[in-house]
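Examining the three-dimensional arrangement
Residues per chain are reported as follows:
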Amino acid sequence: MGTVVACSTPFGSSGIAVVRITGNQSHKITSLLIKKPTRINKHNSPSLFSLIDVDGVVYDQAVVNFLFAPNTYTGEDLVEINLHGNPVIIEKTIALCCSYGATTAPGGEFTKRAYLNGKMDMSQAESVASLISSKSILGAKLSYKNLNGSLLENILNIKNKIILVIGQIEFNLDISEENLQPNLISNSLKTINSCVNTLSSAIEGFNAVNVLTAGATVVLAGPTNAGKSTLFNALLKKDRAIVSEVEGTTRDVLENTINIDGVPCVLKDTAGIRKTKDVIEKIGVRKSNEEILSADLVLYLGAPGSVLSSENDNVIYVHNKKDLGWDGKEYDISISALTGENLPKLKKLILKRVSSGFSDLGFIITSQRQLSCLVSTEKQLVTAKNSLLSSSGLELAVEDLNAALFCLDEITNKTTKDDVLNTVFSSFCVGK
Ligand SMILES: Nc1nc2c(ncn2[C@@H]2O[C@H](COP(=O)(O)OP(=O)(O)OP(=O)(O)O)[C@@H](O)[C@H]2O)c(=O)[nH]1
Ligand SMILES: [Mg+2]
């Protein structure tokens, strides 16, 4: 692997930015970048240096930290350059590194190298991504837990149980196929069932955890003039959307994130749904219907039973304009977006709906890839159960259990195909 360089902090002006270089040439390249490179034999002792260009002219001062393999994030020689957060300075530094032999790192390259050099397993690498992108502190905590090996531990527990069952069945098969040890089948089934239960709860909890890390999408929908945009602004506590008594005011989908008791909600205001000949409004209505379909929760400001053009059954029917006198008994809640009446109650209801199903079970998964590995494992275990229950199925059961082990191994993956690697690391930001 060659030496790569990237800025690990967001692009733009800031007090400090961090440029990182990893690879076996990283120390050499950095020493060309600094004036009077001394003390570079010392691991992890940040020092102040002047940065110089090819003509030896100083263009910035930076705290530079030389780190030696294998005790680094990537497992390779690595340098962190903490320089002033001016995009011009950052780009100059990266360009100089490249002229001295480095190449720019694509997103996720540092963590990919950490994985390839055995510094972390695949599930931990994914936890790094979800820790960075997590939209709530609870989501970040859960990701951090997995980064620290909690998921790995849970996987190992299940693996050990499956291996135990395989061992017992094989032992029995070695002795005699006819005379089964007493309780072999029932004990094996019991163990497999407990594995299936653990996996099921992790699978069921995925959506809830996803809400905490990625945020829940809450779509405001309903007929024109119902007060969706007024409610959107009221929940955001700012005048974001245009409000008017003209029907069909909102055309495009507007989105903004709010945090309700630590749970991030991506609020979306949509065009009012009605039959229209207006070409642009028609597009808006089509978009509204698409948003309703993909929402985690729909706040529908229209009468229950009025056709909600979607399969989404996670809907709160909101009666708005309570201040005008009518109480809207058949709705889930009655509010006034204009006066703010019952908005706290509505927030509580939203929270209840989007965070239902989450309890910290200790076995948390944070990526779609991990989810599909668990689903496959569970399927194999169920097949193994059926094989055990059929009269001539002991060998088959061992095969199924081995297949389950294989699916579980994919989560922590020590050896991974290139396409899986690319999918996992392509979601990372540059410099991580
Ligand atoms: N009295 C009263 N009027 C409201 C309330 N909420 C909204 N309105 C009024 O209803 C009208 C329509 O409000 P909007 O928020 O633009 O409605 P909308 O659902 O976004 O409408 P479209 O974008 O056209 O689909 C405006 O005149 C608002 O001031 C409320 O709670 N009470
Ligand atoms: Mg509107």
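Everything below is about the structure printed above this text.
Residues numbered from 1 in each chain as written. Chains lettered and ligands numbered in written order. Predicted model: local features only at pLDDT ≥ 70, side-chain atom pairs only at ≥ 80, totals over all residues. Heavy atoms only, no water.

**Describing the coordination of the magnesium ion (ligand 2)**
Put simply, the rule reads: Counted as donors are the N, O and S atoms within 2.8 Å of the metal, or 3.2 Å for Na, K and Ca, while water is not among the atoms, so some sites may look incomplete. Runs of E in the DSSP output that reach at least two residues are strands. Runs of H or I that reach at least four are helices, and both are numbered from the N terminus. Throughout this description, buried means an accessible area under 20% of the type-specific maximum (1.4 Å probe, protein chains only), exposed means over 50%, and partly exposed covers the range between.
The protein atoms that coordinate the magnesium ion (ligand 2) are Ser 229 (OG) and Thr 250 (OG1), at distances of 2.0 Å. Within this pair, whereas Ser 229 is found in helix H8 (residues 228-236), its partner Thr 250 is found in the loop between H8 and strand S8 (254-260), the two being separated by 21 residues in sequence. As far as the burial class goes, Ser 229 and Thr 250 line up, both buried.

**Remarks on the pairing of strand S4 (residues 58-67)**
Note the following rule: For two strands to be treated as a pair, DSSP must find no fewer than two bridges joining them.
Along S4, seven of the ten residues are buried, which leaves the element largely enclosed by surrounding structure. In this structure, strand S3 (residues 47-52) lies alongside S4, joined through six bridges in antiparallel fashion. Counterpart to Ser 50 in the pairing with S4 is Gln 61. The antiparallel pairing of S3 with S4 creates a hairpin that spans five residues between the two strands, and Gly 56 there sits at a positive phi of about 85°. Taken together, the five bridges between S4 and strand S5 (residues 78-85) define a ladder with antiparallel strand orientation. Directly across from Val 63, in S5, lies its bridge partner Asn 82.

**Digging into the packing of helix H11 (residues 368-389) against helix H12 (residues 394-412)**
The test is simple: In this analysis, axes come from line fits to C-alpha atoms, helices being fitted only over the stretch in contact, and the angle between any two N-to-C directions falls in the range 0 to 180 degrees. Under this scheme an angle from 65 to 115 degrees is roughly perpendicular, one under 35 degrees roughly parallel, and one over 145 degrees roughly antiparallel; angles in between are oblique. Residue contacts are counted whenever heavy atoms from the two residues lie within 4.5 Å of one another. Residue polarity is assigned by list, with Asp, Glu, Lys and Arg as charged and Ala, Val, Leu, Ile, Met, Phe, Trp, Tyr, Cys and Pro as nonpolar; anything else, Gly included, falls into the polar class.
Running from amino to carboxyl end, H11 crosses H12 at an angle of 170°, the nearest separation of the two axes being 8 Å. In terms of their interaxial angle, H11 and H12 are classed as roughly antiparallel. Contacts between H11 and H12 involve Arg 369, Gln 370, Cys 373, Leu 374, Ser 376, Thr 377, Gln 380, Leu 381, Thr 383, Ala 384, Ser 387 and Leu 388 from the former and Leu 394, Leu 396, Ala 397, Asp 400, Leu 401, Ala 403, Ala 404, Cys 407, Leu 408, Glu 410 and Ile 411 from the latter. Residue composition of the contact of H11 with H12, by class: 14 nonpolar, six polar and three charged.

**A short note on the packing of aromatic side chains**
Each aromatic ring pair is specified by the distance between its two centres and by the angle formed by the two planes. Quick reminder of the rule: Centres within 6.5 Å are what make two rings of Phe, Tyr or Trp a pair, Trp counting through its six-membered ring; a difference in plane orientation under 30 degrees is then read as stacked, over 60 as edge-to-face, and the rest as tilted. Here, a charge over a ring is recorded when the distance from Lys NZ or Arg CZ to the ring centre is within 6 Å and its angle to the ring normal is within 35 degrees.
Applying the stated rule across the entire model yields one aromatic pair. Measuring from ring centre to ring centre gives 5.9 Å for Tyr 300 and Tyr 317, while their planes differ by 80°; the resulting arrangement is edge-to-face. Note that Tyr 300 is positioned in strand S10 (residues 297-300) and Tyr 317 in strand S11 (residues 315-319), a separation of 17 residues in sequence. Exposure class is identical for Tyr 300 and Tyr 317. Each is buried. A cation sits over an aromatic face here: Arg 20 above Phe 110, 4.6 Å from the ring centre.

**Observations concerning the environment of Asp 296**
Within the secondary structure layout, Asp 296 lies in the loop between helix H9 (279-294) and S10. Among the residues examined, Asp 296 registers a relative accessible area of 33% and is labelled partly exposed. Between the C-alpha atom of Asp 296 and that of Cys 265, which follows or precedes it by 31 residues, the distance is 9.6 Å.

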